[in-house]
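Tertiary structure, described
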Amino acid sequence: MSSTHLLLGDARVTAPMERDVRDPWTREAFAVAPWADASHAERAITTASAAFPRTKGLSAYVRRDVCLEVARLLRERREALATTIAREVGKPIGLARIEVERAAGTFAIAADVATRPVGEVVPIDLGVAHARHAGSYVRVPKGPVLAFSPFNFPLNLVAHKVAPALACGAPVVLKPAPKAPLTALALAEIVREAGAPEGAFTVVPCDDAVAERLVRDERFAVLSFTGSAKVGYMLKALAGKKHVVLELGGNAAAIVHDDVHDASFAADALTTSAFAYAGQVCISTQRVYVHHARYEAFVAELVTRAAKLTPEEPVSAAGILGPVVDEGAASRLTTWVGEAEARGAVVLHRGARDENRMGTVVLREPEDTRGLRVVEEEAFGPVVTVSPYATLDEAFAKVNASRYGLQAAIFTDSTRVIDAAYATLDVGGLVVNDSPSFRSDAMPYGGTKDSGLGREGVAFAVNEYTSPKVKVVRAG
């Protein structure tokens, strides 16, 4: 599971440094990972730049076949990869297996996208002066892509950077999360084994100073970042002329309206959404607004379900709740809950905490939530707030009273209510009668406000990585 080498092009280079990788459950080092310095980062940039003429010239069938082979190898190595994910980031093994399967599916989608039409005929003969002209365009890759991935989905969120690039012919240099380099390094080996050209995908685990050097380098045409808003916008300011894609998370809200047919299903879905993987998902349910006619019954069901969840050892866990990533994250969450209590929030349920093994927490919001971090910021932990509402306008206002706007959900049986929510809620995606954690790897994914810029989802990321190139032909 350990690695001491960087794959730079076709060469395996001994890293100048190594870093321990710690198991969030045991809090002990279980592996080492290579750590790049500035010279290795420079070599990665040079390799990607040299690869670009080859990758952009690949035939569609080659790009398709590489993506399909990556998908096959991911499925073939599912157990080994899932175990690495479970050890590296504390994700319960069942969820880790799902992540591997999703990553394989992401590359399979990319194989399909690689062979889709990438342009169209443009009707430019719209006046006398242009009557003899015909136009068309294709989309071509902008250039090498610099990608940053977070710890929480160390395989599939890397796949969402790499698969679109392979589909359209752009090389990628990835800076993985410091807590999760091993899975990304394993994927780089798979991509190379699948037949991708030298330099198509390079992983560079490194410190912040080296990462900033990568961001400033003008040889990259695109910066694709997934992580916190603070870091994302800081990197955007350093990125210069690059096209920037930011997926920055949020504090997802769900509305449970009084006309919902199956409130028990809503309670099940939102319990899983709030607490799976200890809530460490950008679209975990963090805020729930329930019509006052359903509030007491719904909260009783939510609390009953939350109380049954306790942190389990990830590699052998049958459940969905593992540890939060480290004790610092658990301490932050405990502080935020304490602040809310001091402001009048009611603790409806609080599980026990043992360092970073944190039980579930359900809070009733106080009347005034201004300045409460557990409501306004991204908790990224097993904490959910609930609050009653009287009118839909009130519920919509509560959802929109956030600097984030990634995804939201509404549970209702009314098409009128669905249409009103879709028109009113300022989010990148609305999920109806399921949790805001729903994501298909084919759909456009991204948010409004501080949740970021641009969209992921393979075909939509390809649009971020490419530009239209027009051809105009004068007849005769």
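Values in this document were obtained by computation on a predicted structure and should not be read as measured data.

1. What about the environment of Leu81?
- By the element assignment, Leu81 lies in helix α3 (residues 78–89).
- For Leu81, a relative accessible area of 6% corresponds to the buried category.
- C-alpha of Leu81 to C-alpha of Val100: the two residues are 19 residues apart in sequence and 7.0 Å apart in space.
- The contact partners of Leu81, leaving out residues within four places of it in the chain, are Leu74, Val100, Ala186 and Ile190.

2. Observations regarding the state of the cysteines
- Scanning the model with the defined rule gives zero disulfides in all.
- Free of any disulfide, Cys168 has its nearest cysteine sulfur in Cys67, 9.7 Å distant.

3. As for the pattern of salt bridges
- Scanning all chains against the criterion turns up 27 salt bridges.
- Among the ionic pairs, Arg116 bridges to Asp112, the shortest N-O distance being 2.8 Å.
- Residue class for Arg116 comes out partly exposed when judged on its relative accessible area of 41%.
- Judged by relative accessible area, Asp112 falls into the partly exposed class, the value being 39%.
- Residue Arg305 is joined to Asp268 by a salt bridge in which the shortest nitrogen-to-oxygen separation is 2.4 Å. Within this pair, whereas Arg305 is found in helix α10 (residues 295–307), its partner Asp268 is found in helix α9 (residues 263–275), the two being separated by 37 residues in sequence.
- The network of salt bridges with common partners includes Glu69, Arg72, Glu76, Arg77 and Glu193.

4. Points about the side chain of Asn251
- Its location among the elements puts Asn251 in the loop between β11 (243–247) and β12 (253–256).
- Polar contacts involving the side chain of Asn251 include one to the main-chain carbonyl oxygen of Glu376, which spans 3.2 Å.

5. Side note on the packing of helix α5 (residues 156–168) against helix α6 (residues 181–193)
- Where α5 contacts α6, the axes come no closer than 11 Å and their chain directions differ by 20°. Classified by the interaxial angle, the pair formed by α5 and α6 is roughly parallel. When you trace α5 past α6, the crossing you get is right-handed. On α6, the residues touching Val158, Ala159, Val162 and Leu166 of α5 are Ala184, Leu187 and Val191.

Criteria and thresholds
- Going along each chain's sequence as written, the residues are numbered from 1 onward.
- Local features in this predicted model are restricted to residues whose pLDDT is 70 or higher, and side-chain atom pairs enter the listing and the counts only when it is 80 or higher, whereas totals over whole chains, interfaces and linings include all residues.
- Remark: hydrogens and water are excluded; side-chain values derive from all non-hydrogen atoms of the structure.
- Strands here mean DSSP runs of E at least two residues long; helices mean DSSP runs of H or I at least four residues long; both are numbered from the N terminus.
- Burial classes: relative accessible area under 20% of the type maximum marks a residue as buried, over 50% as exposed, and values in between as partly exposed (1.4 Å probe, protein chains only).
- By definition in these notes, contact holds between two residues if any of their heavy atoms fall within 4.5 Å.
- For the purposes of this analysis, a disulfide is any pair of cysteine sulfur atoms at a distance within 2.5 Å.
- Any carboxyl oxygen of Asp or Glu within 4 Å of a side-chain nitrogen of Lys or Arg constitutes a salt bridge here.
- N or O atoms closer than or at 3.5 Å make up a polar contact, with two conditions inside protein: a donor-capable atom paired with an acceptor-capable one, and, for residues adjacent in sequence, both atoms drawn from side chains.
- The angle between two axes is taken between their N-to-C directions and runs from 0 to 180 degrees, where each axis is a line fitted to C-alpha atoms and a helix contributes only its stretch in contact.
- The labels follow the angle: roughly parallel below 35 degrees, roughly antiparallel above 145, roughly perpendicular from 65 to 115, and oblique for the rest.
- Should the near helix be turned anticlockwise from the far one by less than a right angle, the crossing is left-handed, and should it be turned clockwise, the crossing is right-handed.

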